[in-house]
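The primary structure of each chain is shown beneath.
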Amino acid sequence: MNPRPKKLHLLRWLPKRLMLIQRPLGGQALYLTFDDGPHPDITPALLDLLAEHGARATFFLLGENAERYPDIARRIVAEGHAIGNHSYSHPRFANIDLAAQWVEIDRTDRILEALDGQQRHWFRPPSGALPLRMLRDFSRRRRGIAYWSYDSMDYKRDSTATLSARFRDVPPLAGDIVLMHDDDPNTLASLRELIPEWRAAGHSMEALPPEPK
């Protein structure tokens, strides 16, 4: 399976201010990102693992989960990780109008601001949906979307062995923004194996920079 999104060659043509898909080359950083949390069991264990290896990541939170588990959300920020906006309730953005999309985004922005003091955050659309009208409106508002350049496909709920093998068959490269989810124990178990391997290969793991103002 190819971990590179099929639409990546098209997204590269969009302004970098609008669409973040990869970080500049030159270092050895991987940018691990986790969607759909915080999860009451997986996220704390993941934070322990990241701390053990001195790794930083970016968590694209659902607003409703951040409200449900505020202590975990606050811990993410307190331990030096970045947070991003993944909507409030994870609707299918292709099936709701622009006004409803912004209700989801704005509501979550307010929740995230209470956590880290930042008024705006990178947005990652649920399921990676990029309706054209939303893209135009993001450009008009000078808001940024954080996509990804490497898809772990952990949402397939494969075994730990299958997930780890997929990473090893086509390893992420320096500068890659890696899509994962912090609601699956197999993702956590796979990372227990992979993070030491990535460290041994010379990679650091960093959080994404803040959205430009």
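Figured I'd write up the structure that's included with this text.

About the thresholds
- Residues numbered from 1 in each chain as written.
- Predicted model: local features only at pLDDT ≥ 70, side-chain atom pairs only at ≥ 80, totals over all residues.
- Heavy atoms only, no water.
- Core = buried A, V, L, I, M, F, W, Y, C linked by side-chain atoms within 4.5 Å.
- Buried < 20%, exposed > 50% of the residue type's maximum accessible area, 1.4 Å probe, protein only.
- Helix = DSSP H or I, 4+ residues; strand = E, 2+ residues; numbered from the N terminus.
- Contact = heavy atoms within 4.5 Å.
- Phe/Tyr/Trp six-rings, centres within 6.5 Å; stacked < 30°, edge-to-face > 60°.
- Lys NZ or Arg CZ within 6 Å of the ring centre and 35° of its normal.
- Axes fitted to C-alpha atoms, helices over the stretch in contact; angles between N-to-C directions.
- Parallel < 35°, antiparallel > 145°, perpendicular 65-115°, else oblique.
- Left-handed = near helix turned anticlockwise from the far one by under 90°.

1. Quick look at the nonpolar core
Move 1: Membership of the largest hydrophobic core comes to 32 residues, with the highest contact counts inside it found for Leu32, Phe34, Phe59, Leu61, Phe167, Leu191 and Trp198.
Move 2: Secondary-structure elements contributing two or more residues to this core are strand 2 (29-35), helix 2 (42-52), strand 3 (58-61), helix 4 (70-78), helix 5 (98-116), helix 7 (160-169), strand 7 (177-181) and helix 8 (185-200).
Move 3: What Phe34 contacts, discounting residues up to four positions off in sequence, is Leu46, Ala57, Thr58, Phe59, Phe60, Met180, His181, Asp182 and Leu191.
Move 4: In terms of nonpolar packing, the next biggest core, distinct from the first, is built from 27 residues, Met19, Ala29, Trp102 and Trp122 among them.

2. A short note on unusual backbone geometry
Move 1: The peptide bond linking Gly37 to Pro38 adopts the cis configuration, its omega dihedral lying at 0°.
Move 2: By secondary structure assignment, the location of Pro38 is in the loop between strand 2 and helix 2.
Move 3: The residue His90 is not glycine, and still its phi comes out positive at about 60°.
Move 4: Relative to the elements of secondary structure, His90 occurs in the loop between strand 4 (82-85) and helix 5.
Move 5: Positive phi values are uncommon outside glycine, yet Ser127 reaches one of about 60°.

3. Things to note about the packing of aromatic side chains
Move 1: Evaluated as defined, the whole model comprises seven aromatic pairs.
Move 2: Measuring from ring centre to ring centre gives 3.9 Å for Tyr147 and Trp148, while their planes differ by 10°; the resulting arrangement is stacked. Neither residue differs from the other here; Tyr147 and Trp148 are each classed as buried.
Move 3: Chaining the aromatic ring pairs together yields one cluster made of Phe93, Trp102, Phe123 and Phe138.
Move 4: One Lys or Arg, Arg107, reaches over the ring of Tyr88 and ends 3.7 Å from the middle of that ring.

4. Points about the packing of helix 2 against helix 4
Move 1: Look at helix 2 against helix 4: their axes get within 10 Å of each other, and the N-to-C directions meet at 20°. Accordingly, the angle class assigned to the pair helix 2 and helix 4 is roughly parallel. Handedness of the crossing formed by helix 2 with helix 4: left-handed. Here helix 2 contributes Thr43, Pro44, Leu47 and Asp48 to the contact with helix 4, which in turn contributes Ile72, Arg75 and Ile76.

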